[in-house]
Amino acid sequence: MGSAKIAEGKTKIVRPYREGYALLEFKDDITAGDGARHDVLPGKGVLNAQTSAYLFRVLEGKGISTHYVGMYDERTMIVKYLKMIPVEVVLRNIATGSVVKRLPINEGERFDPPIIEFFLKDDSRHDPMLNYHHMEHLKLMTRKEAERVEEIMYGVNDALFPLLKSKGLILYDFKLEFGRLGDELVVGDEITLDSMRVREEGTGRILDKDLYRKGADLETVRKAYEEFYRRLTS
Ligand code: 5GP
């Protein structure tokens, strides 16, 4: 597709579409460390577009509003045009990643209930953590909106955790981004192995982008993404 870009990030391109809609193209790029490591992984764009579309359809089926409308081509989604909020919202079922580095929490500890964290989307500041006060001051979200976002995060977890469990997979954590459509808060961006951690039940085998973050070769990463999509949709 050669049409104009509204925005281009590390892994996706937003293009104009009909009034009120946009096209979201998933690139084959894979990055880690706020863009410090970067590779091109042929096939990843299609896999991530399909994975994300599948999971958005699951959420829509549970009554959770997402920006997903349909597919334009195999790597491009038609989405509702949202006013995006530059905040990454993370829900954690099991401790790993940044939370075990920041806090005296052990790898593998179970959060019951799951915990939710907010981060400013700002690579130059390494995505600093935010609380309700920071978000109100920075005019990102009111406290009421943040509470609504938390409610939606729990709803998403209630939909996805059992779904993955039924495939022999454990959802450790995931990150979502939200946008506004009028007064409504809507799940935007993507839900893929770039933005969630999924481990095989029993073996603990990693299937998500942590493989890449930890230096695995690209073919191992591609195979894991492919296996996840196959298991998810089987
Ligand atoms: P952590 O805070 O432990 O690094 O990440 C928590 C969860 O959010 C993980 O599932 C991780 O993949 C996701 N996540 C955190 N930051 C980013 C980011 O900048 N981009 C993407 N795609 N996912 C992120």
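Asker: I would appreciate a short explanation of the nonpolar core in the present structure.
Answerer: Here is a general trend for soluble globular proteins: nonpolar side chains tend to be buried in one another's company. If you look at the biggest cluster of nonpolar residues, it comprises 62 residues, and the most contacted ones within it are V87, F118, M135, M153, L160, M196 and V198. Three or more residues apiece are contributed to this core by two domains, here domain 1 (7–80) and domain 2 (83–220).

Asker: What exactly am I supposed to notice about the side chain of N157 here?
Answerer: Relative to the helices and strands, N157 is located in helix 4 (residues 143–165). Residues in contact with N157, not counting those within four places in the same chain, are L91, N93, P114, P162, L171 and F174.

Asker: Can you walk me through the sheet that holds strand 14 (residues 184–187) in this structure?
Answerer: Through backbone hydrogen bonds, the strands of a sheet pair up, either in parallel or in antiparallel fashion. In space, the three strands of this open sheet follow the order 8-13-14, with antiparallel pairing throughout. Of all the strands in the sheet, the pair left with one neighbour each is strand 8 (83–84) and strand 14. Bridge analysis of strand 8 against strand 13 (residues 178–181) gives two bridges, and the strand direction is antiparallel. Among the inter-strand pairings, M84 is bridged to a residue of strand 13, identified as G179.

Asker: Could you clarify how one ought to interpret unusual backbone geometry in this entry?
Answerer: Glycine aside, residues mostly have negative phi angles, and peptide bonds mostly take the trans form. Cis geometry is found at the peptide bond from D112 to P113, where omega equals 5°. A positive phi is found at H126, a non-glycine position, where the angle reads about 55°. For H126, the location among the structural elements is in the loop between strand 10 (110–120) and strand 11 (129–130). The exposure class assigned to H126 is exposed, which follows from its relative accessible area of 59%.

Asker: I tried to follow the site of the ligand on my own but got confused; where do I start?
Answerer: The full set close to the ligand counts 14 residues, and R92, S98, D173, R197 and R213 are the nearest of them. Note that an oxygen atom of the ligand is positioned 3.1 Å from one of the side-chain N or O atoms of E88. Here an oxygen atom of the ligand and a side-chain polar atom of R92 are 2.8 Å apart. Protein chains bury 81% of the 500 Å² of accessible surface belonging to the ligand in isolation. Counting residues per element, the ones that place at least two in the shell around the ligand are strand 9 (87–94), strand 12 (169–176) and strand 15 (196–200). By residue number, the principal contributor to the shell around the ligand is strand 9, which donates three residues.

Asker: Is there a simple way to explain helix 6 (residues 218–233) in this structure?
Answerer: Given 3.6 residues per turn, any residue in an α-helix points the same way as the ones three and four places further on. Its 16 residues place the ends of helix 6 23 Å apart at the C-alpha level, agreeing with the 22 Å of an ideal helix rising 1.5 Å per residue. Lining the buried residues of helix 6 we find strand 4 (29–32), helix 1 (44–61), helix 4, strand 12, strand 15 and helix 5 (210–213).

Asker: What's the story with the domain arrangement of the protein in this structure? I'm lost.
Answerer: It is common to give the size of an interface as the accessible area that goes away when the parts come together. In terms of domain boundaries, the protein breaks down into domain 1 (7–80) and domain 2 (83–220). At the interface, 28 residues of domain 1 touch 26 residues of domain 2. Carbon and sulfur atoms make up 61% of the surface buried where domain 1 meets domain 2, a total of about 2,300 Å² over both sides. Contact with domain 2 buries area across many residues of domain 1, yet D34, R37 and L55 alone supply 23% of it, more than any other trio. For the pair domain 1 and domain 2, the number of links is four salt bridges. When the shortest N-O distance is used, the salt bridge between K44 and D194 registers 2.7 Å. On inspection of domain 1 and its partner domain 2, the count reaches 15 residue pairs in polar contact (both at pLDDT 80 or more). At the level of secondary structure, the elements contributing two or more residues to the side of domain 1 that touches domain 2 comprise strand 3 (21–26), strand 4, strand 5 (37–40) and helix 1.

Reading guide: rules and limits
Residues numbered from 1 in each chain as written. Predicted model: local features only at pLDDT ≥ 70, side-chain atom pairs only at ≥ 80, totals over all residues. Heavy atoms only, no water. Core = buried A, V, L, I, M, F, W, Y, C linked by side-chain atoms within 4.5 Å. Buried < 20%, exposed > 50% of the residue type's maximum accessible area, 1.4 Å probe, protein only. Domains from an automatic or database assignment. Helix = DSSP H or I, 4+ residues; strand = E, 2+ residues; numbered from the N terminus. Contact = heavy atoms within 4.5 Å. Pairing = 2+ DSSP bridges. Near = heavy atom within 4 Å. Polar contact = N/O pair within 3.5 Å; in protein donor to acceptor, adjacent residues only side chain to side chain. Areas by Shrake-Rupley, 256 points an atom, 1.4 Å probe, with all protein chains shown as cover. Expected span 1.5 Å × (residues − 1). Buried area = accessible area lost by both parts, 1.4 Å probe. Salt bridge = Lys/Arg side-chain N within 4 Å of Asp/Glu carboxyl O.

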